[in-house]
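Okay, here's what each chain looks like letter by letter:
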Amino acid sequence: MGKVYVFDHPLIQHKLTYIRDKHTGTKEFRELVDEVATLMAFEITRDLPLEEVEIETPVSKAKAKVIAGKKLGVIPILRAGIGMVDGILKLIPAAKVGHIGLYRDPETLKPVEYYVKLPSDVEERDFIIVDPMLATGGSAVAAIDALKKRGAKSIKFMCLIAAPEGVNAVETAHPDVDIYIAALDERLNDHGYIVPGLGDAGDRLFGTK
Ligand code: PRP
Ligand code: URA
């Protein structure tokens, strides 16, 4: 079974409160999502392998550590995942970015795939799929399916807010995928929205509706 990590760092929790607040406008919402994505990337990269190199400080020679050439890929689920990409790239600028386009049918709540574009060396990369919301889990499961179908072997899923239903869905369908969350909320409402959640992530990020 994959692991579930809930990041309870005070800075992440503080910023998430303003992301949730309905009085937060589009500009501030976008900036906060970007900042939280950076903070989460800091935590999620904790297990990156290091290698030793030799350098010279102004004082002496020294053995020091750098990140061993890991190939990383960041995959936003369109639309709302886009809001998390730049924040992650601030810390891991060499990562390649792929895109998976999915929208949730408002009647069935099932994901509909409309776009997939990935780095060419899928099999060699460690991927982080990003989306602010893990609600029923349909979109996350479909995105992981799409990535695995094309050869991906190593996948993490990172979101801001998850419902227990979504976490269960990903754990059941993809037990090899670890899940990274800023907050685990109570439940879904009758329309499949996370309660208390933050509303419609795509609309709040892009100012639509
Ligand atoms: C939202 C969100 C997730 C999905 C989560 O996207 O960004 O992708 O819903 O719901 P699920 O876990 O029940 O699948 P939406 O479908 O609203 O598309 P959009 O980003 O294009 O607005
Ligand atoms: N998608 C969203 O944007 N918000 C939710 O609460 C659930 C799905």
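Every residue gets a number counted from 1 within its own chain, in the order that chain's sequence is written. Written order determines the labels here, with chains lettered from A and ligands numbered from 1. Per-residue local features are limited, in this predicted model, to residues with pLDDT of at least 70; the limit for side-chain atom pairs, both in listing and counting, is 80 or more; totals at the level of whole chains, interfaces and linings are taken over all residues. Only hydrogens and water are set aside when side-chain values are computed; all heavy atoms of the structure are taken into account.

As recorded by an unreviewed UniProt entry, the chain carries the name Uracil phosphoribosyltransferase and is attributed to Geobacillus subterraneus. Listed in UniProt under the heading Pathway (unreviewed entry), the comment for the chain reads: "Pyrimidine metabolism; UMP biosynthesis via salvage pathway; UMP from uracil: step 1/1." UniProt positions are given in the numbering used here, feature names are shortened, and annotations may be inferred rather than shown by experiment. Database annotation for the chain, UniProt heading Function (unreviewed entry): "Catalyzes the conversion of uracil and 5-phospho-alpha-D-ribose 1-diphosphate (PRPP) to UMP and diphosphate."

Student: Pulling in residues and values, what's your account of the side chain of D203?
Tutor: Only DSSP runs of H or I with at least four residues qualify as helices, and only runs of E with at least two residues qualify as strands; both kinds are numbered from the N terminus onward. In this fold, D203 is placed in helix α6 (residues 201-206). Polar contacts here mean pairs of N or O atoms no more than 3.5 Å apart (in protein, one a potential hydrogen donor and the other a potential acceptor; neighbouring residues in sequence count only if both atoms are side-chain atoms). Within the local environment of D203, its side chain forms a polar contact with the side chain of R79, the two groups lying 3.2 Å apart.

Student: Kindly report on the layout of surface pockets, identifying the contributing residues and their values.
Tutor: Grid spacing is 1 Å over the protein atoms alone, the probe is 1.4 Å, and a cavity is where that probe fits but cannot get out, while a pocket is an open set with protein on both sides within 12 Å along at least five of seven lines and lining residues have an atom within 4 Å of a point. Grid points are joined across faces, edges and corners, and a volume is the space filled by probe spheres set on the points. Here the largest pocket is characterised by a volume of approximately 650 Å³. Taken together, 30 residues form the lining of the largest pocket, with Y103, R104, S139, Y193 and D200 sitting closest to its centre. Listing elements by their share of the lining of the largest pocket, those giving two or more residues are β4 (72-78), β6 (99-104), β9 (133-134), α4 (138-149) and α6. Here the nonpolar group is Ala, Val, Leu, Ile, Met, Phe, Trp, Tyr, Cys and Pro; Asp, Glu, Lys and Arg are the charged ones; every other residue, Gly included, is treated as polar. Partitioning the lining of the largest pocket into residue classes produces 16 nonpolar, nine polar and five charged. When its volume is computed, the second largest pocket comes out at roughly 230 Å³. Only β8 (126-130) and β10 (154-162) provide two or more residues apiece to the lining of the second largest pocket.

Student: Kindly report on the site of ligand 1, identifying the contributing residues and their values.
Tutor: Neighbouring residues of ligand 1: 13 residues in total, closest R104, D131, T136, G137 and S139. A distance of 2.8 Å separates an oxygen atom of ligand 1 from a polar atom in the backbone of G137. Only the protein chains shown count as cover for residues, and the accessible areas themselves come from Shrake-Rupley with a 1.4 Å probe. For ligand 1, the accessible surface in isolation is 500 Å², of which the surrounding protein chains cover 90%. The pocket occupied by ligand 1, as judged from atoms lying within 2 Å of grid points, is the largest pocket. Its residues assigned to classes, the shell around ligand 1 shows six nonpolar, four polar and three charged. Nearness of a residue to a molecule or strand requires only that one of the residue's heavy atoms be within 4 Å of it. For a molecule to be placed in a cavity or pocket, more than half of its atoms must lie within 2 Å of the grid points of that cavity or pocket.

Student: For the environment of A135, give the residues involved together with the corresponding values.
Tutor: Within the secondary structure layout, A135 lies in the loop between β9 and α4. Considered as a pair, A135 and Y180 are 45 residues apart in the sequence and their alpha carbons are 14 Å apart. In what follows, a contact means two residues having at least one pair of non-hydrogen atoms within 4.5 Å. Beyond its immediate stretch of four places on either side in the chain, A135 contacts R104, A163, E165, G166, L188, G192 and I194.

Student: I'd like a description of the site of ligand 2, backed by residues and values.
Tutor: Ligand 2 sits among R104, M133, A135, G192, Y193, I194, G199, D200 and A201. At 2.8 Å from an oxygen atom of ligand 2 is found a main-chain nitrogen or oxygen belonging to I194. Taking A201, its main chain carries an N or O atom lying 2.8 Å from an oxygen atom of ligand 2. Cavity membership is defined here by more than half of the atoms lying within 2 Å of grid points; on that basis ligand 2 lies in the largest pocket.

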